[in-house]
Amino acid sequence: TVEVESLKEKLLSQAQEVSRLRAELGGTDLEKHRDLLMVENERLRQEMRRCEAELQDLRATPAASPCPGCEHSQESAQLRDRLSQLQLEVAENKGMLSELNLEVQQKTDRLAEVELRLKDCLAEKAQEEERLSRRLRDSHETIASLRAQCPPVKYVIKTIEVESPKTKQALSESQARNQHLQEQVAMQRQVLKEMEQQLQSSHQLTMQLRAQIAMYESELERAHGQMLEEMQSLEEDKNRAIEEAFARAQVEMKAVHENLAGVRTNLLTLQPALRTLTNDYNGLKRQVRSFPLLLQEALRSVKAEIGQAIEEVNSNNQELLRKYRRELQLRKKCHNELVRLKGNIRVIARVRPITKEDGEGPEAANAVTFDPDDDSIIHLLHKGKPVSFELDKVFSPRASQQDVFQEVQALITSCIDGFNVCIFAYGQTGAGKTYTMEGSHENPGINQRALQLLFSEVQEKASDWEYSITVSAAEIYNEVLRDLLGKEPQEKLEIRLCPDGSGQLYVPGLTEFQVQSVDDINKVFEFGHTNRTTEFTNLNEHSSRSHALLIVTVRGVDCSTGLRTTGKLNLVDLAGSERVGKSGAEGSRLREAQHINKSLSALGDVIAALRSRQGHVPFRNSKLTYLLQDSLSGDSKTLMVVQVSPVEKNTSETLYSLKFAERVRSVELGPGPRRPELGSWSSQEHLEWEPACQTPQPSARAHSAPSSGTSSRPGSIRRKLQPSA
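It should be emphasised that the depicted structure is a prediction, and the values quoted were computed from it without experimental measurement. (Residues numbered from 1 in each chain as written. Predicted model: local features only at pLDDT ≥ 70, side-chain atom pairs only at ≥ 80, totals over all residues. Heavy atoms only, no water.)

### Overview of unusual backbone geometry
Move 1: With phi around 55°, K383 is a residue other than glycine that occupies positive phi space.
Move 2: Relative to the assigned elements, K383 resides in the loop between strand 3 (377-382) and strand 4 (385-390).
Move 3: K383 gets classed as exposed once you look at its relative accessible area, which sits at 69%. (Helix = DSSP H or I, 4+ residues; strand = E, 2+ residues; numbered from the N terminus. Buried < 20%, exposed > 50% of the residue type's maximum accessible area, 1.4 Å probe, protein only.)

Here it is in structure tokens:
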């Protein structure tokens, strides 16, 4: 509304300005046309009012029944049409009037500018005319003065002739200036004409602006109406919200009053309860005063009950400990009986998977199959004929290292109980013996898993037993026994009988390390593996050229009874059996193969003698069989892992290995006795092995490299693992 009022004031001031300019400049064609339009508009308004009055009169007169052919109804329709036409003309005239006003305003402004410029030009022209008139007067005065003089005519004529060029020049200059001023006046008239045209266009623009102002006014009125409607609706919503809030407040107030009444009722009912609580509080105060005496009496009774309970628990613990030890002895007895019933020399077979080193074609075809119903049967297709063998257990190429170890871990437990255990791998070169026994860093074999199992069992029995575990590693290379953990691995060692009369064998000078963790085991394995002799052959790129022995000794003492046990675990990785012509061995490799085959042949002779129960068993025919005499005699639990290759080109070696395994399986040894030693803590040194029977600490010798070309481990690892005394 404020904006509309301001626009109306602006329009009124512009209309007054236009009327003033019109009064000053006089009427133009546009103004005359506008005046005519205004007169016509006024006439149309009067006629419209007259028509509206007549229409009201017609509406006021009581209407009878409609008559279609009545002259008044037709006249009324005509009047209505005429009224609508007049209204349309009035609207058009209003728009044109606003446009004309706007155009007049613009023309007026431009005319004012032109007038100012014209005034400036006229002033300049007047000044120039005044200057020229002064000069003309000066010229006339000069001529007059010259005429007034009396010299002879001839002289005058000469004077005129002398001075007339200047006067002509001045006159010509005046005429030129006059011509220039006339041109400027013509130009100003042209500019004035252009300004009049611009004034006309400004009048037209004024009319257009007035039409827009009228449209804006209508929009403002409509917006004002909408705003009033919205305000009215908001007012209604506000009133309705107030009424609803008032109703809710009344309901809530009523609920508050009801709650207040309930609280008052509760207060009235709580007073008796408060009195009761007061009485209880007073009673508790009296009890608190007498609580120390009651507490002392209760403590005395509780102490007596706890002492009685402790005595009962101690008696029960003693009974349970006695039963536990009896069950432990029974478990060991049953476990050893189970191993004995399975056979003192158990034989398991493991078939390695086919690798890319086996090549392609018919020679690399699979020649080994398995019985789906019996995991102790293996079938071999040799020269087109199927041959079957029955062993204690057969592992397919899909079997993992853990699967193989689960079959042998029962024997590992027997070592802790004080029995001699031997596990050795047999088979042709490249069949996977070293992988089964040693494995890899990510997937260890029987050796490392056995020692890890020993450590776990020792930790479980740490509350009742004290154990010490020592490890030695040796190899037999070309019938020479060498220490893999010694300072000089090339030194030859000999096998001797223990001088204590026990009939057991030992190796003087063999290094023995005491291990206390898995890290110590890894260091021992790594150091011993670097000193072992391996070479390249046609059958295996890294063929083991010696028999490797890992000797683990477990000594235990029962903390409650003083009983001492000593068990020995021999883990043997035999060198690969091979045919000289097939392996392509020459020179030193040929001598190595001959010694390997000789020692394996001696092992076969020992197995044959044991199988036929001969009185003399040729253990001394080979260093291998002589060192394994404890494992192959009646005081050991022995297991052989025969490794076979599944490819067709190795069926001859596979057949020989499986036949040898069947012969070994048929050997029956005597029961393996446990070797306990009775004693007490004070007589421990007298009950253990004498220093002559134990492996002595090797003397300090120069460390030389082996002749096979295998570099030895630096002495820093030996300094980390101190040999046991």
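### Some words on the packing of aromatic side chains
Move 1: Tallied over the entire structure, the rule returns two aromatic pairs.
Move 2: On the numbers, 5.7 Å between centres and 20° between planes, the contact of W465 with Y467 is stacked.
Move 3: Using a relative accessible area of 17% as the deciding quantity, one classes Y467 as buried.
Move 4: In this structure, K637 packs its charged tip against the face of F419, placed 4.1 Å from the ring centre. (Phe/Tyr/Trp six-rings, centres within 6.5 Å; stacked < 30°, edge-to-face > 60°. Lys NZ or Arg CZ within 6 Å of the ring centre and 35° of its normal.)

### What to know about the UniProt feature "binding site: ATP" (unreviewed entry) in the protein
Move 1: In the numbering used here, UniProt assigns the feature "binding site: ATP" (unreviewed entry) to G427, Q428, T429, G430, A431, G432, K433 and T434.
Move 2: Take G427: it is sitting in strand 6 (residues 420-427).
Move 3: Leaving out residues up to four positions away in the same chain, G427 has contacts with K433, A575, G576, S577, Q643 and S657. (UniProt positions renumbered as here; feature names shortened; annotations may be inferred. Contact = heavy atoms within 4.5 Å.)

### Describing the packing of helix 6 (residues 401-416) against helix 8 (residues 446-460)
Packed helix pairs are characterised by how far apart their axes lie and by the angle those axes make with each other.
Move 1: Running from N to C, helix 6 and helix 8 point in directions that differ by 50°, and their axes come no closer than 9 Å. Classified by the angle their axes make, helix 6 and helix 8 are oblique. Considering only the axes of helix 6 and helix 8, their crossing is right-handed. Between helix 6 and helix 8, the residues in contact are Q401, Q402, V404, F405, V408, Q409, I412, T413 and I416 and I446, R449, A450, L453, L454 and E457, respectively.
Move 2: Here the residues of the contact of helix 6 with helix 8 sort into nine nonpolar, four polar and two charged. (Axes fitted to C-alpha atoms, helices over the stretch in contact; angles between N-to-C directions. Parallel < 35°, antiparallel > 145°, perpendicular 65-115°, else oblique. Left-handed = near helix turned anticlockwise from the far one by under 90°. Nonpolar A, V, L, I, M, F, W, Y, C, P; charged D, E, K, R; others polar.)

### Description of the pattern of salt bridges
Move 1: With the rule as written, the count across this model stands at eleven salt bridges.
Move 2: A salt bridge links E319 to R322, with the nearest nitrogen and oxygen atoms 2.1 Å apart. Linking E319 with R322, this pair stays in helix 5 (residues 291-342), spanning three residues, or about one helical turn.
Move 3: In this structure R322 comes out as partly exposed when scored by relative accessible area, which is 45%.
Move 4: Between R665 and D392 there is a salt bridge; the shortest N-O distance is 3.3 Å. (Salt bridge = Lys/Arg side-chain N within 4 Å of Asp/Glu carboxyl O.)

### Looking at the packing of helix 8 against helix 9 (residues 518-531)
Move 1: Contact geometry of helix 8 with helix 9 gives a least axis separation of 10 Å together with a crossing angle of 155°. Put simply, helix 8 runs roughly antiparallel to helix 9. Helix-helix and strand crossings are classified by hand; for helix 8 and helix 9 the assignment is right-handed. Contacts between helix 8 and helix 9 involve N447, Q448, L451, Q452 and F455 from the first element and V518, I521, N522 and F525 from the second.

### Digging into helix 11 (residues 588-611)
Move 1: Compared with an ideal rise of 1.5 Å per residue, which puts 24 residues at 34 Å, helix 11 spans 34 Å between its outermost C-alpha atoms and is within 8% of the ideal.
Move 2: After helix 11 finishes, the residue R613 shows a positive phi value of roughly 55°. (Expected span 1.5 Å × (residues − 1).)

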